[in-house]
Amino acid sequence: MDRRLFLAFAMAALPALAHAWGGEDPKKRGGGSSYLVVQTLVGTTMKGAKRGVLTVECGLDVQDGNLRERVKQSMPRLRSAYASTVQTYAAGLTPGVPPNADFLARTLQKDTDAVLGRPGAKLLVGAILVN
């Protein structure tokens, strides 16, 4: 058997084996059991004469167990609302001006409360990048 093929297979199987043995999910980020990760949000912006990408990484801290289940069930609707907000904001971003993290966090929190129908899930912004 080719050694490179064996090593490639072993490296690919490692995360699955770790998960099967009761290890922590390798994609789970810190934050505890009340923290839910939201997939990275992306919006297109203009960087001078070229196109750029605005990337927002965030998550939700939900202490209430019942609300946490509702958040898990509403995640597609939440991502849709977040994506719409980030794309609209990125389209209007002036080239050379850094994004306003406070405005984005407030707007995404309003989206969270509107989709869930009540407050209680706190939006946490991890990183905002323009590339």
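Because the structure is predicted, anything quoted here is derived from the model rather than measured.

Asker: So what about the overall build of the protein? Which residues, and what values?
Answerer: Secondary structure summary: the protein contains four helices and three strands in total. In the protein, the order of α-helices and β-strands from amino to carboxyl end is α-β-β-α-α-α-β. The proportion of buried residues among the 131 residues of the protein is 30%. Residue pairs in contact within the protein that sit at least 24 positions apart in sequence constitute 66% of those at least 6 positions apart. Split by element, the accessible area of the protein, about 8600 Å² in all, is 57% carbon and sulfur.

Asker: Hey, could you go over the nonpolar core for me, with residue numbers and the actual values?
Answerer: Grouped together as the largest cluster of nonpolar side chains are 24 residues, with contacts concentrated most on V56, L60, V62, V71, L78, Y82 and A121. With seven residues, helix α3 (residues 75-91) is the largest single contributor of residues to this core.

Asker: Could you give an account of the sheet that holds strand β1 (residues 35-47), with specific residues and numbers?
Answerer: Ordered in space as β1-β2-β3, the three strands form an open sheet in which the pairing is antiparallel. For this open sheet the edge positions go to β1 and β3 (121-130), each flanked by a neighbour on one side alone. Averaged over all neighbouring strand pairs, the angle between strand axes comes to 20 degrees, with direction disregarded. As judged from the 11 bridges shared by β1 and strand β2 (residues 50-62), these two strands associate in the antiparallel manner. If you follow V37 over to β2, its bridge partner there is G59.

Thresholds, definitions, all that
Residues numbered from 1 in each chain as written. Predicted model: local features only at pLDDT ≥ 70, side-chain atom pairs only at ≥ 80, totals over all residues. Heavy atoms only, no water. Helix = DSSP H or I, 4+ residues; strand = E, 2+ residues; numbered from the N terminus. Buried < 20%, exposed > 50% of the residue type's maximum accessible area, 1.4 Å probe, protein only. Contact = heavy atoms within 4.5 Å. Areas by Shrake-Rupley, 256 points an atom, 1.4 Å probe, with all protein chains shown as cover. Core = buried A, V, L, I, M, F, W, Y, C linked by side-chain atoms within 4.5 Å. Pairing = 2+ DSSP bridges. Axes fitted to C-alpha atoms, helices over the stretch in contact; angles between N-to-C directions.

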